[in-house]
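Chain by chain, the residues run as shown.
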Amino acid sequence: MPTLRYLLGRAFGALVTLVLASALSFAILRVVPGDPARLIAGPLATPEALAALRDELGLNDGIAAQYVSYIGGFLSGDWGYSFASGADVSSVLAQRLPATLELALVAFVIAVVGAVVCALLATYRRGWFGTASKSLSLLGLGFPPFWLGLVLLLVFSSWLGVSPGPSGRLSSYLTAPPQITGFYTVDSLLAGDVVAFSDAVAHLALPALALAMLPWAFLTRLLTANLAETATSPYVVVVRSKGVGRWSTHVRHVLHNAALPTITSSGLVFATLITGSVLIEQVFDWPGVGEVLVGGIQRQDFAIVQAFVLLSAVVFIGINFVVDIVNGFVDPRLRVVGARSQP
């Protein structure tokens with residue numbers, strides 16, 4: 001079990017990083033050309049109306065005062081108002097976030113499970129499978145996800161007709177299941193709606209595959225290299241000399257010791273999938289956060305963009321903190337080093 005000192009040290013580091021990231025992103029958005037008051041009031045607003053609106057929005061205060069006010073509102077649930085959507089930013093993101101999370105989670109599972117299976121077989125069998133896995137993962141690193149999404153749509157939707165086109169999360173003739181988790185696949189199962197479940201899976205398959213290809217390729221190459229290096233360690237010979245089978249040794253001992261870098265990278269991959277699925281959502285007309293973000297950038301709706309940037313920082317730092325804790329469970333040496341490094 002990780003020590004209390006280890007947990008507190010990681011929590012303090014995560015908090016400091018979050019404050020620095022949020023302050024930096026806030027400052028960058030404040031120096032971007034454009035006048036929020038002019039965007040809200042319109043081009044025909046008088047100078048007096050603009051001055052009153054700037055004072056109401058707090059734009060006349062210093063950047064430090066604006067940052068403190070924004071963070072206070074963010075922590076209390078007031079994330080600003082989206083004038084492009086005509087609703088609170090928190091409600092806009094809450095409506096879109098489940099779609100993005102469902103897509104990212106399925107893509108993450110595909111990437112991690114596929115990487116573990118391919119890396120295990122590639123280092124256990126070697127031969128043609130290892131060569132094929134290495135070549136395919138190398139190609140996967142060079143395929144932009146949005147381009148792969150277009151190719152998948154062209155092949156499986158236009159040519160073969162076995163997959164729905166870019167029509168969101170569900171066919172237009174079906175009713176969305178009652179919202180429980182916000183995930184259509186899970187909610188349709190809980191509602192006992194098999195038709196909606198199969199349709200949701202069909203709509204989810206191609207964007208999830210396109211989004212998973214790049215992280216799968218990265219994790220496969222990383223885990224394959226770590227497995228190959230760990231398999232030559234002296235302790236593996238000792239385990240085998242005790243009569244343990246080669247496959248059992250490979251899975252229970254080699255994989256366990258080679259998994260630490262992959263666990264760390266997997267956390268960052270998951271955070272990237274959540275915050276970086278913007279182009280895939282555009283290609284497949286997926287009604288997630290990415291669509292709102294693109295619209296916010298095009299309309300200069302800075303409240304949406306600012307909230308997304310801050311949430312992205314929270315996601316990255318939060319997942320990195322969880323990965324640190326998991327690494328402490330997997331490798332006790334990290335807990336000792338982490339405890340010694342604290343004052």
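If you're wondering where the values come from, they're calculated on a predicted model, not measured in any experiment. (Residues numbered from 1 in each chain as written. Predicted model: local features only at pLDDT ≥ 70, side-chain atom pairs only at ≥ 80, totals over all residues. Heavy atoms only, no water.)

K.L.:
Describe the nonpolar core, and please don't skip the residues or the numbers.
P.N.:
Ranked by internal contacts, the top residues of the largest apolar core, which has 31 residues, are Leu-103, Leu-211, Trp-216, Leu-273, Ile-280 and Phe-284. Broken down by secondary-structure element, the contributors of at least two residues to this core are helix H5 (89-125), helix H7 (145-159), helix H9 (194-230), helix H12 (260-275), helix H13 (278-283) and helix H15 (302-330). When near neighbours in sequence (up to four residues on either side) are disregarded, Trp-216 contacts Ala-111, Gly-114, Ala-115, Cys-118, Leu-136 and Ser-137. Val-89, Leu-293, Val-305 and Ala-307 belong to the second largest nonpolar core, which has 19 residues in total. (Core = buried A, V, L, I, M, F, W, Y, C linked by side-chain atoms within 4.5 Å. Buried < 20%, exposed > 50% of the residue type's maximum accessible area, 1.4 Å probe, protein only. Helix = DSSP H or I, 4+ residues; strand = E, 2+ residues; numbered from the N terminus. Contact = heavy atoms within 4.5 Å.)

K.L.:
Quick one: what's the story with the packing of aromatic side chains, residue by residue and with numbers?
P.N.:
Using the criterion set out here, one finds eight aromatic pairs in the structure. Between the aromatic rings of Phe-108 and Phe-270, the centroid separation amounts to 4.9 Å while the plane-to-plane angle is 50 degrees, which identifies the pairing as tilted. You can see Phe-108 sitting in helix H5 and its partner Phe-270 sitting in helix H12, a full 162 residues away along the chain. Under the relative-accessibility criterion, Phe-270 is labelled partly exposed at 21%. An aromatic cluster is built from Phe-26, Tyr-67, Tyr-70, Phe-74 and Trp-79, whose rings are joined through pairwise contacts. Residue placement shows Arg-169 over the ring face of Tyr-184; its charged tip is 3.9 Å from the ring centre. (Phe/Tyr/Trp six-rings, centres within 6.5 Å; stacked < 30°, edge-to-face > 60°. Lys NZ or Arg CZ within 6 Å of the ring centre and 35° of its normal.)

K.L.:
Outline the pattern of salt bridges, listing residues and values.
P.N.:
Inspection of every chain in the model, using the stated rule, returns two salt bridges. For the salt bridge of Glu-291 with Arg-96, the shortest nitrogen-to-oxygen distance reads 2.8 Å. Here the residue Glu-291 occupies a position in helix H14 (residues 289-298), and Arg-96 occupies one in helix H5, the gap between them amounting to 195 residues. What makes Glu-291 partly exposed here is its relative accessible area of 31%. Judged by relative accessible area, Arg-96 falls into the partly exposed class, the value being 24%. Taking the shortest distance from any N to any O, the salt bridge between Arg-169 and Glu-102 comes out at 2.6 Å. Taken together, the residues span a long stretch of sequence, with Arg-169 in the loop between H7 and helix H8 (184-190) and Glu-102 in helix H5 at a distance of 67 residues. Glu-102 carries the same exposure label as Arg-169, and that label is buried. (Salt bridge = Lys/Arg side-chain N within 4 Å of Asp/Glu carboxyl O.)

K.L.:
Outline the confidence of the model for the chain, supporting the account with residue identities and numerical values.
P.N.:
Taken residue by residue, the chain gives an average pLDDT of 87. The fraction at 70 or more is 95%. Per-element averaging of pLDDT across the chain places helix H16 (residues 332-341) at the bottom with 53 and H8 at the top with 96. Counting interchain partners and residues more than four positions distant, the pLDDT-below-50 stretch residues 337-343 has seven contacts. (pLDDT = per-residue confidence, 0-100.)

K.L.:
Let's hear about the side chain of Thr-230: which residues, and what values?
P.N.:
Assignment of secondary structure puts Thr-230 in helix H9. From its side chain, Thr-230 meets the backbone oxygen of Asn-226 in a polar contact 2.7 Å long. Discounting residues that sit within four places of it in the chain, Thr-230 has contacts with Tyr-235, Val-236, Val-254, Asn-257 and Ala-258. (Polar contact = N/O pair within 3.5 Å; in protein donor to acceptor, adjacent residues only side chain to side chain.)

K.L.:
Lay out a nonpolar patch on the surface with the relevant residues and their values.
P.N.:
Together, Leu-154, Phe-156, Trp-159, Leu-160 and Val-162 make up a nonpolar patch on the protein surface, roughly 540 Å² of accessible area in all. Within the secondary structure layout, Val-162 lies in the loop between H7 and H8. Residue classification places Val-162 among the exposed positions, given a relative accessible area of 61%. (Patch = residues over 30% accessible without salt bridge, like charges linked within 9 Å, V, L, I, M, F, W, Y side chains within 5 Å. Areas by Shrake-Rupley, 256 points an atom, 1.4 Å probe, with all protein chains shown as cover.)

K.L.:
Tell me about helix H4 (residues 63-75), and please be specific about residues and values.
P.N.:
Look at H4: 18 Å from first C-alpha to last across 13 residues, which is about the 18 Å you get at 1.5 Å a residue. For H4, the set of buried residues is Gln-66, Tyr-67, Tyr-70, Gly-73 and Phe-74. Looking straight down H4, one finds that the buried residues subtend no more than 135 degrees of arc, so they occupy a single side. Opposite the buried face of H4, at more than 90 degrees from it, the exposed residues are Ala-64, Val-68, Ser-69 and Leu-75. A positive backbone phi angle near 100 degrees is found at Gly-77, which sits one or two residues after H4. (Expected span 1.5 Å × (residues − 1). Arc of directions from axis to C-beta.)

K.L.:
Describe the environment of Ile-304, listing the residues and the values that go with them.
P.N.:
By the element assignment, Ile-304 lies in helix H15. Since its relative accessible area comes to 1%, Ile-304 is described here as buried. Sequence spacing of Ile-304 and Arg-126 is 178 residues, and the spatial spacing of their C-alpha atoms is 49 Å. Setting aside residues no more than four positions away along its own chain, Ile-304 makes contact with Ser-82, Val-89, Val-92, Val-292 and Leu-293.

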